[in-house]
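Notes for the structure review
The lines below spell out each chain.
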Amino acid sequence: MKTIKGTQSWLTIGLIIGVILLIAAAAIYFFNLNREEPVKWDVTLVGKNGNQKVLSYQEICKLPSTEAQGGFFTTVGVVNGPYEVKGVLLQDLCALVGGVTADDVVSISANDGYSMVFDYEQLTGDIPTYDPVTLHELPHEKQEVLLIYQQDGKSLSDSDGKPLRLSVVGSERLLTEGHNWVKWVNKIEVMSLE
Amino acid sequence: MNNWPGAGKLAMKTANKVLLVTLALAVTAAALATGSCSKPEKTKVRVLCANSLMYPLDSIEKAFEALHPDIDILTEGHGSIQVIRHVTEIHEESDLLIVADDSLIPMMMYATKIPDTDKNYADWYIKFAGNTLGIAYSEKSKYTGEINGNNWYQVLSRPDIKLGFADARLDACGYYALMSLALAELYYKDDSILENVLGPFDPPLKTGKEGTVATITVPEILRPASDKTIVRGSSIRLLALLDSGDIDYSFEYRSVAEQQGLKFIELPAEINLGSAALADYYGQVKCVMEFQRFATVLPVFTGEPIIYGVTIPANAPHADIALQYLEFLLGEEGQKIFVSSHHPMIPPAADNPSNLPPGLEKLLKSLGGG
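Residues numbered from 1 in each chain as written. Chains lettered and ligands numbered in written order. Predicted model: local features only at pLDDT ≥ 70, side-chain atom pairs only at ≥ 80, totals over all residues. Heavy atoms only, no water.

Turning next to the overall build of chain A. Within chain A, the secondary structure is distributed over four helices and 13 strands. Taking 194 residues into account, the globule formula puts the C-alpha radius of gyration at 16 Å, and chain A, at 24 Å, lies well above it. Viewed in the frame of its principal axes, chain A has a C-alpha envelope of about 95 × 45 × 30 Å. Out of the 194 residues in chain A, the part that is buried amounts to 41%. Long-range contacts, defined here as pairs at least 24 residues apart, represent 61% of the contacts in chain A between residues at least 6 apart. For chain A, the accessible surface area stands at approximately 10100 Å², while carbon and sulfur atoms represent 56% of it. (Helix = DSSP H or I, 4+ residues; strand = E, 2+ residues; numbered from the N terminus. Rg over C-alpha atoms; globule rule 2.2 N^0.38 Å. Buried < 20%, exposed > 50% of the residue type's maximum accessible area, 1.4 Å probe, protein only. Contact = heavy atoms within 4.5 Å. Areas by Shrake-Rupley, 256 points an atom, 1.4 Å probe, with all protein chains shown as cover.)

Here it is in structure tokens:
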């Protein structure tokens, strides 16, 4: 009887320890899964007079931010979004190196060697917008070009352009053409068209 | 507490049951996690292709999967440069690459090493399809009863015509359109065609000569200075504007216009970039972009016939299945699908045939190519 009781106690203790170890292992796994490494990323801003300023990801996140909605589609019509995004107005970033005027263009470069260029009208929202369901062109009110670091409340994933991506967004949840949504942005340069 | 007779035995039995249940749960969870309880996964084979091939390749995908139920073909359309960049610069894996400008494969893959290896991304490709450029329009377009393959540039020059034009900086169809207009100036001996058809741009498109080659330089920003021309990022986006009547005409590939049920004006062979025999003639024009979209691709495009090329990257995860797919695509069934999709094929021809995967050279010969 004593032996049985002893075995039972050991079994119970073993089970409890096993369960505790399992829970601990699961907790460590999920903690590591959700833990984000500190982002090491710089963006170089270049003004049209050659002024340069380098901002870290953390510094960009501390600048006054804008929240808006929008998405994009690929050339074959695959729709992404619309998303809720948060970021800094491209015009505000240009203002840090002397600003941008109607005679300028802004070149956006990424670390994969891709770049896109915007004229002043595009920068201030004159970009065709499309219905997210039919992909037919729709007129819009105000669209803005943002350098975003958050999408649907989360930091960007690698495939979404982590950590900084360009987006064209507004308040009407419309889509724009995907080539404007530059991923992995690392340089913004104001250039004169003259 | 447990002091009644047999209580110890019962407790032992209960403990054993708990252990058994725990073990059973653990085994079930492990089985679920490894997927051993679900159906076997299909092998996913990724095919990256030029946007203008999505229509026939959608049908090829279905037909191939019907023959191989254990394979899931994932067809993905992009601009041709992007098709290759996904593999060589963004370092994604793909099993097959198909582009609308065959010269991009040697330019971007033959001398580019796969990281941590001494192998290039490709050392062969097959030319297998062509296309022609022309003018797409709809029932709603102006002057449909009047326009034809001889007077098209005169009709398009009328100030009340709205013309759609793909951004030449972003879409090959856009720079092919500029080349066609420059070739039209040579063919009709009228150097005002490009400006009259497209209207003014601000900053302007610059035209000139480099030796005997007519050049068109596209500025950093492509912005029409009148409402005669509407520019969109890709020619596909212009189709809806044709349908809605917002534009009357647009430059388009013949295959795409016919797939979409649009009317189409066939241009003379000297202008439509569709004849391999006229390669030298097309070489009399060149487009230069002041905007360099990709750091590794110098945006200077010389006129040449539109030829589609296909290759299997050297690091393709499923090269054997990609080869089967390619044999299907080039074979009788694939040809039938291309014909019914209004996309012209050409007798397949290999670049660097000695590097072709085993079996493919024989297939090409049997198809009348080489």
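Once that is clear, we can look at the packing of helix 2 (residues 54-67) of chain B against helix 12 (residues 319-330) of chain B. Residues and elements named next belong to chain B. Close contact between helix 2 and helix 12 brings their axes to 11 Å; oriented N to C, the two are set at 115°. Handedness of the helix 2/helix 12 crossing: right-handed. Counted together, L57, I60, A63, F64 and L67 of helix 2 and I321, Q324, Y325, F328 and L329 of helix 12 form the full contact between these two elements. Across the contact of helix 2 with helix 12, the residue classes tally to nine nonpolar, one polar and no charged. (Axes fitted to C-alpha atoms, helices over the stretch in contact; angles between N-to-C directions. Left-handed = near helix turned anticlockwise from the far one by under 90°. Nonpolar A, V, L, I, M, F, W, Y, C, P; charged D, E, K, R; others polar.)

Below, the discussion takes up a nonpolar patch on the surface. Where nonpolar side chains cluster on the molecular surface, the patch consists of W10, I13, I17 and L21 of chain A and spans about 470 Å² of accessible area. If you trace the backbone, I17 of chain A turns up in helix 1 (residues 2-34). (Patch = residues over 30% accessible without salt bridge, like charges linked within 9 Å, V, L, I, M, F, W, Y side chains within 5 Å. Salt bridge = Lys/Arg side-chain N within 4 Å of Asp/Glu carboxyl O.)

When pLDDT is averaged along chain A, the result is 90; 94% of the residues meet or exceed 70. For chain A, helix 1 of chain A is the element with the lowest average pLDDT, namely 76, and strand 1 (residues 42-46) of chain A is the one with the highest, namely 98. (pLDDT = per-residue confidence, 0-100.)

Here we take up the sheet that holds strand 13 (residues 300-302) of chain B. Residue and element names in this part refer to chain B. What the four strands build is an open sheet, ordered 7-8-12-13; its pairing is mixed. Because the sheet does not close on itself, it has two edges, and the strands there are strand 7 (206-210) and strand 13. On average, each strand axis in the sheet is inclined to that of its neighbour by 25°, with strand direction left out of account. As judged from the five bridges shared by strand 8 (residues 213-218) and strand 12 (residues 285-289), these two strands associate in the parallel manner. (Pairing = 2+ DSSP bridges.)

In this section: the sheet that holds strand 10 (residues 249-253) of chain B. Two modes of strand pairing occur in sheets, parallel and antiparallel, and in both the strands are linked by backbone hydrogen bonds. Residue and element names in this part refer to chain B. Ordered in space as 9-6-10-5-11, the five strands form an open sheet in which the pairing is mixed. Edge strands, defined here as strands with exactly one partner in the open sheet, are strand 9 (229-232) and strand 11 (263-265). Strand-to-strand twist across the sheet, computed as the mean angle between neighbouring axes with direction ignored, equals 35°. Sheet topology places strand 6 (residues 163-166) next to strand 10; two bridges connect them, and they run parallel. Residue pairing in the sheet places G164 in a bridge with S250 of strand 10. Where helix 6 (residues 172-188) meets the sheet, it contacts strand 5 (133-137), strand 6 and strand 10, and its direction lies at approximately 105° from that of strand 10.

Residues and elements named next belong to chain B. By the secondary structure assignment, S94 is in the loop between helix 3 (80-88) and strand 3 (96-99). Within the local environment of S94, its side chain forms a polar contact with the backbone oxygen of R46, the two atoms lying 3.2 Å apart. If near-sequence neighbours (up to four positions away) are discounted, S94 is found in contact with R46, L48, V87, P313, A316 and P317. (Polar contact = N/O pair within 3.5 Å; in protein donor to acceptor, adjacent residues only side chain to side chain.)

Our focus in this paragraph is the pattern of salt bridges. Charged atoms that come close allow side chains of opposite charge to pair. A complete count under the given rule lists 25 salt bridges over all chains for this structure. Between K48 of chain A and D104 of chain A there is a salt bridge, and its shortest N-O distance comes to 3.0 Å. Remark: D104 of chain A occurs in strand 5 (residues 104-110) and K48 of chain A occurs in the loop between strand 1 and strand 2 (52-56); sequence separation between them is 56 residues. A residue is classified by how much of its surface remains accessible, and K48 of chain A, at 44% relative accessible area, is partly exposed. Among the ionic pairs, E290 of chain B bridges to K206 of chain B, the shortest N-O distance being 2.9 Å. In this pair, E290 of chain B is assigned in the loop between strand 12 and strand 13 and K206 of chain B in strand 7, connecting sequence segments 84 residues apart. Using a relative accessible area of 39% as the deciding quantity, one classes E290 of chain B as partly exposed.

This paragraph deals with the side chain of S80 of chain B. Locating S80 of chain B in the fold gives a position in helix 3. Assessed through its relative accessible area of 14%, S80 of chain B is described here as buried.

Moving on to the packing of aromatic side chains. Residues and elements named next belong to chain B. Applying the stated criterion across every chain, the model contains 16 aromatic pairs over all chains. Aromatic side chains F64 and F328 sit 5.7 Å apart centroid to centroid with 65° between the ring planes, which places their arrangement in the edge-to-face category. In this pair, F64 is assigned in helix 2 and F328 in helix 12, connecting sequence segments 264 residues apart. Taken individually, F64 and F328 each receive the classification buried, so the pair is uniform in this respect. Note on Y175 and F301: the rings are 4.0 Å apart at their centroids and 5° apart in plane angle, and the pair reads as stacked. Residue Y175 is located in helix 6, and its partner F301 is located in strand 13; the two are separated by 126 residues in the primary sequence. (Phe/Tyr/Trp six-rings, centres within 6.5 Å; stacked < 30°, edge-to-face > 60°.)

The next thing to look at is unusual backbone geometry. Negative phi is the rule for most residues except glycine; trans is the rule for most peptide bonds. Residue G81 of chain A is joined to P82 of chain A through a cis peptide bond whose omega torsion reads 5°. By the element assignment, P82 of chain A lies in strand 4 (residues 79-89). In this structure, N352 of chain B takes a positive phi of about 60° despite not being glycine. Residue placement: N352 of chain B occurs in the loop between strand 15 (345-351) and helix 14 (360-366).

Taken together, the contacts link 37 residues of chain B with 32 residues of chain A. Taken over both partners, the interface formed by chain B and chain A buries close to 2700 Å², and the fraction arising from carbon and sulfur atoms is 62%. On the chain B side of the interface with chain A, the three residues burying the most area are I221, R223 and R237 of chain B, jointly 21% of the side's total. Viewed at the interface, chain A and chain B are joined by three salt bridges. Between R223 of chain B and D119 of chain A there is a salt bridge, with the nearest N and O atoms lying 3.0 Å from each other. If you look at where chain B meets chain A, you find eight residue pairs in polar contact (both at pLDDT 80 or more). Put simply, the parts of the chain that give the side of chain B that touches chain A at least two residues each are helix 1 (7-34), strand 2 (71-78), helix 3 and helix 8 (236-244) of chain B. In terms of residues, the side of chain B that touches chain A owes the most to one element, helix 1 of chain B, which gives eight residues. (Buried area = accessible area lost by both parts, 1.4 Å probe.)

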